[in-house]
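# Inside the fold
Single-letter residue listing:
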Amino acid sequence: MVSPGPSDNLETLPVTVLKGVGPRMAGRLERLQIRTVQDVLFHLPARYEDRTRVMPLGSVRTGDHVVVQGEVDLAEVRFGRRRSLLVRISDGTGALTLRFFHFNAKQQAGFIRGAGIRCYGEVRSGTATAEMIHPEYRIVDPEETMPVEEHLTPVYPATEGVHQLTLRALTEQALQYLGTGPQTASTQLTDWLPARLLTPFRMTSLSAALRYVHRPPANAPVDLLMEGRHPAQQRLAFEELLAHHLSLRRVRLRAQHARAPVLSGSQALVDRFVATLPFELTAAQQRVNAEVSKDLEQPHPMARLVQGDVGSGKTVVAACAALTCVGAGYQVALMAPTELLAEQHFRSFSDWLAPLGINVVWHTGKSRGKVRGQVLEAIRDGSAEVAVGTHALFQEEVEFARAGLVIIDEQHRFGVHQRLALRDKGRDGDLRPHQLVMTATPIPRTLAMTIYADLDTSLIDELPPGRLPVKTVVISQERREEVMQRVRNACTAGQQAYWVCTLIEESDVLQSQAAEKTAAFLAGTLPDVRIGLVHGRLKPAVKETIMAAFKAGNIDLLVSTTVIEVGVDVPNATLMIIENPERLGLAQLHQLRGRVGRGPRQSSCVLLYQPPLSDNARDRLAALRDNNDGFEIARRDMELRGPGEVLGTRQTGAINFHIADLLRDESLLAGVEKVAVQLLASNPENVTPLIRRWLGVSADYGEV
Ligand code: ADP
Ligand code: MG
């Protein structure tokens, strides 16, 4: 071990001081964000393997990851669908089959009848006996007692060229730096949390927690560790959540010092607009409007999240905010996650705002040619007061003359970083635009504190009056005929319907093909129904024409992929068929279903599933059938699938937790919030190093 220089501590000590880390390895470690000895210490095990005991074969259960040992009874090559080597072992309590699809002659020759085999792997159910597929194994002398591991085996997140054994060797060395002997200043790992802040939570010291988590002792409570609920793990999870929370809190604090244009004096314009609407605003919409306009009058940039269930009327609220901005002489950028939704917003905003003399333009990545040039010019010279589009609105070549407000719809589709990056877009001198983000995906408090801690929140907790909850039924594909009759009846009675085709594949091509096939089939069986088709592969102009025809009532049945998931608004549509709903998450299904039930008439949704359903799928569909409340549905969805799935990879991809788990660690959050406030007050200088330790320099939100 090279001894560290006097001014170093583990935070700055480069990983190259560790044995076995030359420039090549350092380059590979970089991919795991490991640059310093501290980074090694905070590269925490993703899970553990229990190789501390040999399990009797008679006691293993499917799904267990275990060490077993037995003698070879039989080894043979089977030529089935795939050639495989089967090795049956037994130990007097039971038998197990090892199955290898890849093997060589030498390996095969090692499995002599009577040879001792010790292996580690996952137990699967097999035809005759339980099985392990490609277990790690070695040949042992059955007479001799082979030692087992003394500790749970940590399994680290690895990458190409950096294997478990390397990571174990590195953490071993790094832990030595943590020092059992007298701590020298040069090998210290600073605990940025003053002990007095942690005592109420009875937390272990940082270095003790790290040591425990990397090398759990022999008598460690295995189940607790496997679940990540051991106090040492919780200590670290607490600190990690704190780091994320502080990072966003700092974004918020900085915003309070940044300057933004004061957007006021537009009330008359807003009132004129509201008077043109064919309905009254709900009390919730009015309250949120007031919250937003109060923010816009401040000389600091607003950062407000408007949450409201599907159909609660968020678009009108966005329009009121836009008018407040335009009335004060500034431009608005409205960004939607999909082209289809952007088009629809463009149409609503044009219909609503053009009569008031406001110029609304539209820009997406697919805009081309002369029109594109004109739009960009209008945004640049300020003659376009409202620009609607996709994230293309925020590319380099789009320059706003005087951006005052950025509105992001269906925020859950965008990542944290993307959102934060947008805050700086449209900066005009030292003036930053206000930001309004809207989402129909209710965010549980856990997540909100971790990924939205920089935002103030408003809630539209009321649907427009007269809405009837959508009636949902769960029906098997075997009754498809009946369902088609139902579509025909609705359509011939002047109502409209959606038929949504789903596929698990993200592939646009496959999704579109599935929808094309279904549309052709339905057209053949329902000749008296006017059918339209939209999917992701159509040209924007074509999509727009079809949507417009559907909205105008010239199409009865719209066959589509999940492109219509967010935002599409056709109040006369009262029936939705969702094929293979078992493939989708609850939150997504709720979004889809939200396309109906937008008018005063009773709407229905048919979940046309493919039997047989798994228990989990059955529970999910029942949860959807029995619930119309988006918050409740999102909560169930997170339970059943976890936040990563629910919010999509983009959103949570931005947060790669080392150890925290938003669902499991929910109970830590109250403490996190408290300690965050205390730390900012008592040791503000500790905040940056704490954030960097957990998030790294590049992911520090405050630096975006
Ligand atoms: P979401 O919150 O899902 O984005 P939208 O803004 O698309 O909802 O609104 C859904 C439908 O409700 C639209 O047709 C909209 O015009 C209508 N709407 C909005 N506010 C009201 C209201 N206060 N009363 C009646 N209808 C409303
Ligand atoms: Mg919407």
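This text follows the structure it describes.
The structure contained in this document is the topic of the report that follows. (Residues numbered from 1 in each chain as written. Chains lettered and ligands numbered in written order. Predicted model: local features only at pLDDT ≥ 70, side-chain atom pairs only at ≥ 80, totals over all residues. Heavy atoms only, no water.)

## Notes on the site of ligand 1
The immediate surroundings of ligand 1 are formed by 16 residues, with G311, K314, T315, R467 and D569 found nearest. At a separation of 2.7 Å, an oxygen atom of ligand 1 approaches a polar side-chain atom of R467. Isolated, ligand 1 exposes 570 Å² of accessible area, and the fraction of that covered by the protein chains is 88%. For the shell around ligand 1, a count of residues per class yields four nonpolar, six polar and six charged. (Near = heavy atom within 4 Å. Polar contact = N/O pair within 3.5 Å; in protein donor to acceptor, adjacent residues only side chain to side chain. Areas by Shrake-Rupley, 256 points an atom, 1.4 Å probe, with all protein chains shown as cover. Nonpolar A, V, L, I, M, F, W, Y, C, P; charged D, E, K, R; others polar.)

## Notes on a negative patch on the surface
Taken together, the side chains of E71, D141, E143 and E144 define an acidic patch exposed on the protein surface. Along the chain, the position of E143 falls in the loop between β8 (136–140) and β9 (153–155). (Patch = residues over 30% accessible without salt bridge, like charges linked within 9 Å, V, L, I, M, F, W, Y side chains within 5 Å. Salt bridge = Lys/Arg side-chain N within 4 Å of Asp/Glu carboxyl O. Lys, Arg positive; Asp, Glu negative; His and termini not counted. Charge placed at Lys NZ, Arg CZ, Asp CG, Glu CD. Helix = DSSP H or I, 4+ residues; strand = E, 2+ residues; numbered from the N terminus.)

## Things to note about the environment of E280
Its place among the elements puts E280 in the loop between α9 (267–276) and α10 (283–296). E280 gets classed as exposed once you look at its relative accessible area, which sits at 69%. A sequence separation of 184 residues divides E280 from P464, and the C-alpha atoms of the two residues are 8.8 Å apart. (Buried < 20%, exposed > 50% of the residue type's maximum accessible area, 1.4 Å probe, protein only.)

## Focus on unusual backbone geometry
The peptide bond linking P611 to P612 adopts the cis configuration, its omega dihedral lying at -5°. Position of P612 among the secondary structure elements: in the loop between β22 (604–609) and α20 (615–626). In the Ramachandran plot, Q33 falls in the positive-phi region, its phi being about 65° despite a non-glycine side chain. Here Q33 lies in the loop between α1 (23–30) and α2 (37–41).

## Thoughts on α9
The set of residues buried in α9 consists of L269, V270 and F273. For α9, the buried positions fall inside an angular range of 100° around the axis, keeping them on one side. Residues of α9 that are exposed and point more than 90 degrees away from the buried face comprise A268 and A275. In the core, the buried residues of α9 are packed alongside α11 (314–327) and α12 (339–353). (Arc of directions from axis to C-beta. Contact = heavy atoms within 4.5 Å.)

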